[in-house]
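# Chain and residue survey
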Amino acid sequence: MLDTTARILKIQELKATAMMGTPTYLLNMADVARSRLGLDPAELTIEKITCAGEPGASIPGTKQRLEKAWGAKVFDHAGATEIGAWSYECAAQPGGLHVNEGLFLVEIEDLVTGQTITTPGRPGKMIITAFDRLAQPCLRFDSKDIIEWDSAPCPCGRTYRLIRGGVQGRADDITKVKGVLLSPSAIEAVVRRCAALSDEYEVVVERITGQDRITLRVEPCAGQECLGDEVLGRLKDELRLETNLGYIIEVHQPGSLTRYEGKARRFKDLRQQH
Ligand SMILES: [Zn+2]
């Protein structure tokens, strides 16, 4: 298997125009191209990128970072090994994914009551049935992906229904902090639209003397040593607005937080260990 540097050199050698990966890995790869090889990834020949495995490519800030880094158009895609490729983002990029309803029946279930949600704008977990699986039938499979229906028809003209914002996270990852439901992708949305921050971050939830505490670890962009009070203040305000929670923000040196090769594990809930 090639390492990241070898993959970048292979893209250069073959003049590859398309690639696929997790948003985390492809951002990391762009960073490696710049820092270790002195290459601007946007100068390479990649034109189209399909992302899967994480919600990122449907989170506007993450999509923009990927498109800028690679000088390419980024498309989101969601599927699962047990089910198959059940969704795709069309060329109109309406801010969500089409469900491939010719091959899959997708239902959304309320996380608390288990009732089927048919109205747009209410997130729940996806229950999916595949019509084409013979050897391994898949009937009302609980995927634990959090999705919600979109109400608007897609400008591309397809009538397969849209899920707004793609897969928003996993039911397993949505957790109660200080009595508030917290979805890690809401934190990603805030961090990734803040231009002063690098692509990497980490969230730690702990319980200290009976109180939940959330720490967000961030890095300034490469070449910057610290973050100004104005940036930190705005970050705190936007996090509170988006998630209804307060955060302790720790600023780490650029490049010091963990980098991931596949799916990231940025959200760490340490409360069960106490
Ligand atoms: Zn469309």
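Attention here is on the structure that accompanies the text. Predicted model only: the values in this text are computed from it and were never measured.

Rules used in this analysis
- Residues numbered from 1 in each chain as written.
- Predicted model: local features only at pLDDT ≥ 70, side-chain atom pairs only at ≥ 80, totals over all residues.
- Heavy atoms only, no water.
- Donors = N, O, S within 2.8 Å, 3.2 Å for Na, K, Ca; no water.
- Tetrahedral: all angles 85-135°; square planar, octahedral: opposite > 155°, others 65-115°.
- Buried < 20%, exposed > 50% of the residue type's maximum accessible area, 1.4 Å probe, protein only.
- Helix = DSSP H or I, 4+ residues; strand = E, 2+ residues; numbered from the N terminus.
- Pairing = 2+ DSSP bridges.
- Right-handed = clockwise from strand over helix to strand, strands pointing away.
- 1 Å grid on protein atoms, 1.4 Å probe; cavity = no way out; pocket = protein on both sides within 12 Å on 5 of 7 lines; lining within 4 Å.
- Points joined across faces, edges and corners; volume = space filled by probe spheres on them.

### Some words on the coordination of the zinc ion
Binding of the zinc ion to the protein goes through C90 (SG), H98 (NE2), C154 (SG) and C156 (SG), at separations of 2.1 to 2.3 Å. Each of the four donor atoms bound to the zinc ion contributes to angles spanning 106 to 115 degrees, and the resulting shape is tetrahedral. Residue H98 is classed as buried on the basis of its relative accessible area, which comes to 0%. Here C154 falls in the buried class, since its relative accessible area comes to 8%.

### Quick look at the pairing of strand β2 (residues 48-51)
Across the two faces of β2 the burial differs, with I49 and C51 buried and K48 and T50 not buried at all. Alignment of strand β1 (residues 18-21) against β2, held across four bridges, turns out to be parallel. In the strand pairing of β2, G21 is matched with C51. As for the winding sense of the linkage, the β-α-β connection from β1 through helix α2 (residues 23-37) to β2 is right-handed.

### So, the layout of surface pockets
As a volume, the largest pocket reaches approximately 830 Å³. G53, E54, P55, R170 and D173 are the residues nearest the centre of the largest pocket, which is lined by 29 residues in total. Of all the secondary-structure elements, those providing two or more residues to the lining of the largest pocket are β9 (141-147), β11 (169-170) and α4 (184-192).

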